[in-house]
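Observations on chain architecture
As a plain string of letters, each chain reads:
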Amino acid sequence: MSQPILELRDLRTWFRMEDGIAKAVDGVNYAIPSGQTLSVVGESGSGKSVTALSVMGLIPCPPGIEAGGEILFEGQDLRKANEAQRRAVRGNQIAMIFQEPMTSLNPVYRVGDQIGEALRLHKGMTGKEAHEYSIHMLDKVGIPKPSQRVDEYPHQMSGGMRQRVMIAMALSCDPRLLIADEPTTALDVTIQAQILELMNTLQEDFGTSILFITHDLGVVAEVSDHVAVMYAGKVVEHADVVTLYDAPQHPYTIGLFKSLPDIESRSAKLEVIPGVVPSPLEFPSGCRFRNRCAFANERCAAEEPVLRSVGEGHTVACHAVEEGRL
Amino acid sequence: MKQAGLVLPGLGHLLKGDVINGLGLMLYVGLLVWAAVAGFGRLPELLFPPADQGGFQLHPWVALVSWIGIAALCWHTAFRFWKPAPFDPEVDKNSQWRELKKQFRRNRTGVFGLHFVNVLIFLALLTPFIAPHHPDVIDVGPSLSAPQWGHLMGTDEFGRDLFSRVMYGARISLSIGFIAVAISATLGTLVGSIAGFFGGKVDSGLMWVTDLLLSLPRLVLLLAIVGFFRSAGAQSIFLIVVILGLTGWMGVSRIVRSQILSLKEQDFVQACRALGLPNWRIIVVHLVPNALAPVIVHASLAIGSTILVEAALSFLGLGVPPPTATWGAIVNDGREYMRSGAWITVFPGLMIVAAVMSFNLLGDGLRDALDPKLRGRH
C-alpha cells in the first residue's frame, strides 16, 4: 500500500482546566490511505472533533496543550511545523467543513467573495479569476444558477445550500485532505442524503481523501472505506467498513450497533449502553470503558488494553476480545 | 408630477407628498443660489487673488468644485426620483447598505437630521462664496453694530463681520468634529479589536488603560494636555484635533471589544482559520466589518459632542488660537459684551445647538436603522 495521506501516531491533545488536565485526545493512532475515506465515530466527548482540530492546528493554546505524538501529513510532521507553515497547509492542502452551515459563513460578505478569498490567498488568483472560479465551484457542488448565487449573501440561502457553499469553499483550492466535522448533523434527512452523495461524487472527481467525523452510524455506512471508533480519547476499534458492520468486536462498538433503532424488529425499548462517557479529567484506571462494560474483570482495571490485530486490517483494544471471553 | 423636480429639485418630492426630502432638496438649491448670487460676481478675485492679498488660496477652488458637486447631487436625486435606477439584481441584491438606506428612510427624525447635517456641511464648503468678508479682517463695519442688512449677524468689537466669522467657524468646528472623531473611531476600533480578539493579558492591559482614561474627566484632561503644550509654545488647530481624537477613543474601544468578543466565537471565524487566513486578516476583513454598526452610530453622536467639547475649550481660551474663528471662540469673544452686544454670543451659540442637535438626530436615526430590535417603531 502506498504512503497514507495522513497518519496519526500516538496523538495527544490535552486541555488545562481549572481542576486538572483534561486528556481529550490521549494516544490516538490511525491512518487514512490516499484517496479514501476514514470515518471517526464516537459519542459526544470522545475526542473525535478535538483530533480533527489538532490536525488542522486549530486548538487554541492555552488552554490546549500539544502533549505529544506525530501528525504525519504526506510524511511531514505538522506538530513540528511553525504557525506560518501550518497556515500554508490549512485551506490549501487540508480543508475543513463544519457542523453548522448557518453560522460558518460571514454574514457581511457575498458567498463568492468568501470562496474567492482562499483562492486569492493560496493560489494567487486575481479578484476576477477567483470570481470566475467561485462560479465554477458553485456549479460543481450543484447550486443552480451559480452565476447569480455567487453574488448572494449567506442569509439568502438555506442550510443545505450553505453547506454546499462550505464544501465549494473547502474544495476550491483542491486540497489533498478534506476534514468534515459532522457536516450533515444540522441538516434534515433529505438534504443530508444529497450532501453525502455530493461528497462521494466530488471525492471521485477530485481524488480527495476525507476524514469524516460523525456520531451517526448510518452516515458512516454511506460514505466510508474505513472506520475508527473512538472512546474517551482513544481509538478502541479500527476496521474497514464492511468488517466493522459485519463483525464488530469491541463491546463498545457492539453496544453502539445495538443502540441503533431497528425498523424490522420493533422491540419496545431501545437498548442502551449503561452509564456515560467518563470525564476526561479522571478516566478510570486500565480500560476506560470498563465501568460500562459487561465483560470487565480485574485485568481490565489494572492494565490498559492496546490495539491488537484480530483480522486483516482490523484492530481492537480489548482484553476480553483477546482472551476470548466475549 | 415627478418631472417637476427637474426644474426645481425637491418640487417633485413635495408634489408627491414627500415633504422632508422635498424641503431638504429645495434648501440645498437655495444655498446654491445664495452662493451664486453672493459669490459669483467676485469669482475672478476669489480664485486668482492679487499677490498682495496672499496669492493663491485653495478653499475658493474647493468651494467652486463643491458648488458643482452639490448641484449635480440635487439634480441627480431629482432625476432618480422621476426615473429610478433600473433594479439590477446582479449588482446589489440585498446588500447591507441598501437595507440600511431603506430602514433609515423610514425614520423621519433621522432623515431630518441628515438634511440638517448636509446643510451645515454645504454651508461650510460654500463659505468663501457666501461669506461677504474675510473672517479675520477688522473694521469692515462699525464696531458692535446690531444685525442689519450687510452685516446679517452684526459685528464684534473690532468691527469684524460676525456672519462671515460664524460661516468660517462652521468650517473649522465641523472639520475638528469630523477629523477628531475619525481619529478616535479608528484608534478605538484598533484597540478594541486587538483586545477582544487576543484576549488574556493583551485584553487586560488594554482595557486597564481604557478604564484608567475613562475615569479621568475629559475636559480636565484636555485642559491639562493643552495647557502643557501651550507652555511648551505649541498651539495650532492640528494640535487641538489630535488631542481631541486621542482622548475620545475609549468608548469606541469598549463597544468594539464587546462586539469582537461575541463575534470571535462564531463558527465563521473558525472556518476562516481553517482556510489558513492570518490573524490580522481575520480581524480586519472578517471581524471589524461585522462590528461596525454600533461604531457608526457612536461616531455620529460623538461628532456632536466633540464640537461641544471644542467649543468649551475655545470658550475657556484654550482652544484654537485667535484670531481663527470657531464657534466656541466667538462665544468667548462675546462674553464681555453680553449686555451691549448679545448677538455676538447668540448666533454662534445657536449654530452649536443646531449642529449638535442635527448630529444627534442623525445618530439616533442610524441606530434605529442598524438595530433590528428598534425597527418598525417609527
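A quick note: this is a predicted structure, and the numbers were derived from the prediction, not measured.

We now examine the sheet that holds strand β9 (residues 226-231) of chain A. Residues and elements named next belong to chain A. Judged by pairing direction, the sheet is mixed, and its eight strands sit side by side in the order β6-β7-β8-β3-β9-β10-β12-β11 without closing on themselves. Pairing within the sheet leaves two strands with one partner each, and these edge strands are β6 (94-97) and β11 (308-311). Recorded for the sheet is a direction-independent mean angle of 25 degrees between the axes of neighbouring strands. Both strand β3 (residues 37-41) and β9 contribute to a ladder of four bridges, which runs parallel. The partner of Val 41 across the bridge, within β9, is Val 229. Each of β6 and β7 (177-181) is contacted by helix α6 (residues 159-171), which is oriented at about 170 degrees to β6, the strand it contacts most.

Attention shifts here to the packing of helix α8 (residues 108-130) of chain B against helix α9 (residues 162-198) of chain B. All names here are of chain B. Packing of α8 against α9 leaves a shortest axis separation of 8 Å and a crossing angle of 135 degrees. It follows that α8 is oblique to α9 by the angle criterion. Viewed along their axes, α8 and α9 form a crossing whose handedness is left-handed. In contact with Leu 120, Ile 121, Leu 123, Ala 124, Thr 127 and Ile 130 of α8, α9 contributes Met 167, Tyr 168, Ala 170, Arg 171 and Leu 174. Among the residues forming the contact of α8 with α9, the class breakdown is nine nonpolar, one polar and one charged.

This paragraph deals with the interface of chain B and chain A. Contact with chain B, which involves 18 residues of that partner, is made by 26 residues of chain A. Broken down by secondary-structure element, the contributors of at least two residues to the side of chain B that touches chain A are α14 (267-274) and α15 (279-315) of chain B. Per-element accounting of the side of chain B that touches chain A gives the leading share, six residues, to α14 of chain B. Tallied by class, the residues present in the side of chain B that touches chain A amount to seven nonpolar, seven polar and four charged.

So, on to the nonpolar core. Core analysis: the biggest nonpolar cluster contains 95 residues, and Ala 168, Ala 170, Ile 179, Leu 211 and Val 229 of chain A have the highest contact counts within it. When residues of this core are assigned to their parent elements, the largest contribution, eight residues, is made by α6 of chain A. In this view, Ile 179 of chain A contacts Ala 52, Val 55, Met 56, Ile 94, Met 96 and Leu 211 of chain A; residues no more than four positions away in its chain are not counted. Grouped together as the second largest cluster of nonpolar side chains are 82 residues, Ala 63, Leu 64, Leu 123 and Ala 355 of chain B included.

Moving on, we get to the sheet that holds strand β2 (residues 20-32) of chain A. All names here are of chain A. Strand order in this open sheet of four strands is β2-β1-β4-β5, and the pairing throughout is antiparallel. The open sheet has two free edges, formed respectively by β2 and β5 (76-77), since each of these has just one partner strand. As paired elements, strand β4 (residues 64-73) and β5 share two bridges and run antiparallel to each other. Directly across from Leu 72, in β5, lies its bridge partner Asp 77.

Turning our eyes to something else, we now look at the pairing of β11 of chain A. Residue and element names in this part refer to chain A. Direction of pairing for β11 relative to strand β12 (residues 314-316): antiparallel, over a ladder of three bridges. Considered in β12, the bridge of Ser 309 is made with Thr 315. A loop of two residues connects β11 with β12, the two strands running antiparallel in sequence, and Gly 313 in this loop sits at a positive phi of about 65 degrees.

Per-residue pLDDT for chain B has a mean of 84; in total, 94% of the residues score no lower than 70. Both scores are given for the predicted complex: the pTM is 0.78, the ipTM 0.77.

Our next topic: the environment of Val 62 of chain B. In this structure, Val 62 of chain B sits in helix α5 (residues 59-82). Put simply, Val 62 of chain B and Leu 125 of chain B are 63 residues apart on the chain and 7.2 Å apart in space, counted from C-alpha to C-alpha.

Another point: the pairing of β2 of chain A. All names here are of chain A. Where strand β1 (residues 6-17) and β2 come together, nine bridges link them in antiparallel fashion. Counted as the bridge partner of Arg 16 is Ile 21 from β2. The turn joining β1 and β2, which pair antiparallel and follow one another in sequence, is formed by two residues.

Here is what the cut-offs are and how they apply
- Residues numbered from 1 in each chain as written.
- Chains lettered and ligands numbered in written order.
- Predicted model: local features only at pLDDT ≥ 70, side-chain atom pairs only at ≥ 80, totals over all residues.
- Pairing = 2+ DSSP bridges.
- Helix = DSSP H or I, 4+ residues; strand = E, 2+ residues; numbered from the N terminus.
- Axes fitted to C-alpha atoms, helices over the stretch in contact; angles between N-to-C directions.
- Contact = placed C-beta atoms within 7 Å.
- Parallel < 35°, antiparallel > 145°, perpendicular 65-115°, else oblique.
- Left-handed = near helix turned anticlockwise from the far one by under 90°.
- Nonpolar A, V, L, I, M, F, W, Y, C, P; charged D, E, K, R; others polar.
- Core = buried A, V, L, I, M, F, W, Y, C linked by C-beta atoms within 7 Å.
- Buried ≥ 20, exposed ≤ 12 C-beta atoms within 10 Å, placed from the backbone.
- pLDDT = per-residue confidence, 0-100.

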